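Listed below are the residues making up each chain.
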Amino acid sequence: MSLAMVRRPTEDAAVYAASLVARALPPIQVILVDLLAANRLGDRHGVNLCAHKAARAALGEVGEQ
């Protein structure tokens, strides 16, 4: 049995559409609470996502002043 993710055309379209609009990040405290919750649940993808969001919220985008 393969554990590879199945990509769906609608998923690709949704990710592309979401990437066209810049959205403000929630406060860092909210992101860290979600990070802890994902860690407690053993959600590795959620932990990775929240960790990257926390880094973006704390450090800003590359090239920003």
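Scroll up a little and you will see the structure.
Anyway, here's the lowdown on the structure attached to this text. Computed from a predicted structure; not experimentally measured.

**A look at helix H2 (residues 28-41)**
Part 1 of the reasoning: Over its 14 residues, H2 runs 20 Å from end to end, which matches the ideal 20 Å to within 8%, given 1.5 Å per residue.
Part 2 of the reasoning: With its phi angle positive at about 75 degrees, Gly42 sits one or two positions after the end of H2.

**Here's the deal with a nonpolar patch on the surface**
Part 1 of the reasoning: On the surface, Tyr16, Leu20 and Val21 cluster together to form a nonpolar patch covering roughly 350 Å² of accessible area.
Part 2 of the reasoning: Note on placement: Tyr16 falls in helix H1 (residues 9-19).
Part 3 of the reasoning: Given a relative accessible area of 56%, Tyr16 falls into the exposed group.

**Section: the packing of H2 against helix H3 (residues 44-59)**
Part 1 of the reasoning: The interhelical angle for the contact between H2 and H3, taken along N-to-C directions, is 160 degrees, at an axis separation of 8 Å. Taken together, H2 and H3 sit at an angle that is classed as roughly antiparallel. Here H2 runs over H3; the crossing is left-handed. Contacts between H2 and H3 involve Ile28, Ile31, Leu32, Asp34, Leu35, Ala38 and Asn39 on the former and, on the latter, Gly46, Val47, Cys50, Ala51, Lys53, Ala54, Ala57 and Ala58.
Part 2 of the reasoning: Taken together, the residues of the contact of H2 with H3 sort by class into 11 nonpolar, two polar and two charged.

About the thresholds
- Residues numbered from 1 in each chain as written.
- Predicted model: local features only at pLDDT ≥ 70, side-chain atom pairs only at ≥ 80, totals over all residues.
- Heavy atoms only, no water.
- Helix = DSSP H or I, 4+ residues; strand = E, 2+ residues; numbered from the N terminus.
- Expected span 1.5 Å × (residues − 1).
- Patch = residues over 30% accessible without salt bridge, like charges linked within 9 Å, V, L, I, M, F, W, Y side chains within 5 Å.
- Areas by Shrake-Rupley, 256 points an atom, 1.4 Å probe, with all protein chains shown as cover.
- Salt bridge = Lys/Arg side-chain N within 4 Å of Asp/Glu carboxyl O.
- Buried < 20%, exposed > 50% of the residue type's maximum accessible area, 1.4 Å probe, protein only.
- Axes fitted to C-alpha atoms, helices over the stretch in contact; angles between N-to-C directions.
- Parallel < 35°, antiparallel > 145°, perpendicular 65-115°, else oblique.
- Left-handed = near helix turned anticlockwise from the far one by under 90°.
- Contact = heavy atoms within 4.5 Å.
- Nonpolar A, V, L, I, M, F, W, Y, C, P; charged D, E, K, R; others polar.

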